[in-house]
Amino acid sequence: MHENDQAFLKLSAHYLRDHYGPKILRCLEDMDEDQIWWRPNAESNSLGNLILHLCGNARQWIVSGVGNKPDIRERQAEFSELGPMPVDVLKHLLNTTIDAVCDVILHVEPEVLQETRTIQGNKVQVLEAIYHVVEHFSMHTGQIIYITKLHQGKDLAFYKVTDDGSAFPQW
């Protein structure tokens, strides 16, 4: 495998598993079920909806689209769910999704990165599908953090900053 291909795949899995997943889980731990399913208005999504959406999207794009497993996504259900749903169910869904997605990503062969797949009706290269899912997780993780901060009114202390200005994850 080309060095850059391997680095891209490892870094993609690393961000999903070691950055976005832990931050989302930490937010879930700080919120009660009412807060998890709170929507500021009918056009916005709750933290719970965002997690369901991330899991559905990642499974569709990576597990199905890249990994060639059946696509069983019901996209509208991700947004219409009003909860409550037990926090443990959401955590389990998030963890198993990230594990399944990272397993597919870390087993992609270099020649496959340039292959074209049709996902959600779009023709995309495998590399683009992986990039999309990592970017998508980043965007919605930020929204989940923001919703949590709205409810908690505090710094979530994801990083410990040392005297020299270095920052280290706190999970």
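Residues numbered from 1 in each chain as written. Predicted model: local features only at pLDDT ≥ 70, side-chain atom pairs only at ≥ 80, totals over all residues. Heavy atoms only, no water.

*Asks:* Outline the packing of aromatic side chains, listing residues and values.
*Replies:* If you walk through the whole model with that rule in mind, you get 1 aromatic pair. Ring centres of Y15 and Y20 lie 5.9 Å apart, and the angle between their planes is 35°; on these two criteria the pair is classed as tilted. Residue classification places Y15 among the partly exposed positions, given a relative accessible area of 33%. For K23, the ring lying beneath its charged end belongs to F158, and the centroid distance is 5.9 Å. (Phe/Tyr/Trp six-rings, centres within 6.5 Å; stacked < 30°, edge-to-face > 60°. Buried < 20%, exposed > 50% of the residue type's maximum accessible area, 1.4 Å probe, protein only. Lys NZ or Arg CZ within 6 Å of the ring centre and 35° of its normal.)

*Asks:* A description of unusual backbone geometry should follow, citing residues and the corresponding values.
*Replies:* Note the cis peptide between G83 and P84, where omega equals 0°. On the secondary structure map, P84 appears in the loop between α4 (75–80) and α5 (87–106). Positive phi, close to 60°, is recorded for N68, a residue that is not glycine. Summarising the element assignment, N68 is placed in the loop between α3 (47–64) and α4. For N68, a relative accessible area of 58% puts it in the exposed group. (Helix = DSSP H or I, 4+ residues; strand = E, 2+ residues; numbered from the N terminus.)

*Asks:* Describe the nonpolar core, listing the residues and the values that go with them.
*Replies:* Of all hydrophobic cores here, the largest spans 48 residues; its most connected members are L16, I51, I62, I130 and F137. For this core, the secondary structure elements donating two or more residues are α1 (3–30), α3, α5 and α6 (126–152). In terms of residue count, the dominant contributor to this core is α3 (10 residues). Setting aside anything within four residues of it in sequence, one finds I62 in contact with G67, V101, V104, I105, A129, I130 and V133. (Core = buried A, V, L, I, M, F, W, Y, C linked by side-chain atoms within 4.5 Å. Contact = heavy atoms within 4.5 Å.)

*Asks:* Any details on the pairing of strand β1 (residues 116–119)? Residues and values, ideally.
*Replies:* Of the two faces of β1, the one holding R117 and I119 is buried and the one holding T116 and T118 is not buried anywhere. With 4 bridges joining them, β1 and strand β2 (residues 122–125) adopt antiparallel strand pairing. Looking at β2, one finds that T118 is bridged to K123. Linking β1 to β2, which pair antiparallel, is a turn of 2 residues; within it Q120 sits at a positive phi near 50°. (Pairing = 2+ DSSP bridges.)

*Asks:* Break down the packing of α3 against α5 for me, citing the residues and quoting the values.
*Replies:* The N-to-C vectors of α3 and α5 enclose an angle of 25°; their axes lie 10 Å apart at closest approach. In this view, α3 runs roughly parallel relative to α5, as classed from their interaxial angle. The two elements α3 and α5 cross, and the hand of that crossing is left-handed. Contacts between α3 and α5 pair G48, I51, L52, C55, A58, R59, I62 and V63 from the former with L90, L93, L94, T96, T97, A100, V101, V104 and I105 from the latter. (Axes fitted to C-alpha atoms, helices over the stretch in contact; angles between N-to-C directions. Parallel < 35°, antiparallel > 145°, perpendicular 65-115°, else oblique. Left-handed = near helix turned anticlockwise from the far one by under 90°.)

*Asks:* Account for α5, with residues named and values stated.
*Replies:* Helix length check: α5 (20 residues) gives 28 Å between terminal C-alpha atoms against 28 Å at 1.5 Å per residue, within 8%. Along α5, the positions that sit buried rather than exposed are V87, L90, L94, T97, I98, V101, C102, V104 and I105. Along the axis of α5, the buried residues cluster in a sector spanning 160°; they form a single face. With respect to the buried face of α5, the exposed residues turned more than 90 degrees away are D88 and H92. (Expected span 1.5 Å × (residues − 1). Arc of directions from axis to C-beta.)

*Asks:* So what's going on with the pattern of salt bridges? Which residues, and what values?
*Replies:* Scanning the entire structure with this criterion turns up 4 salt bridges. The salt bridge involving K91 is made with E29; its shortest N-O contact spans 3.9 Å. In this pair, K91 is assigned in helix α5 and E29 in helix α1, connecting sequence segments 62 residues apart. By relative accessible area, E29 is classed as exposed at 52%. (Salt bridge = Lys/Arg side-chain N within 4 Å of Asp/Glu carboxyl O.)

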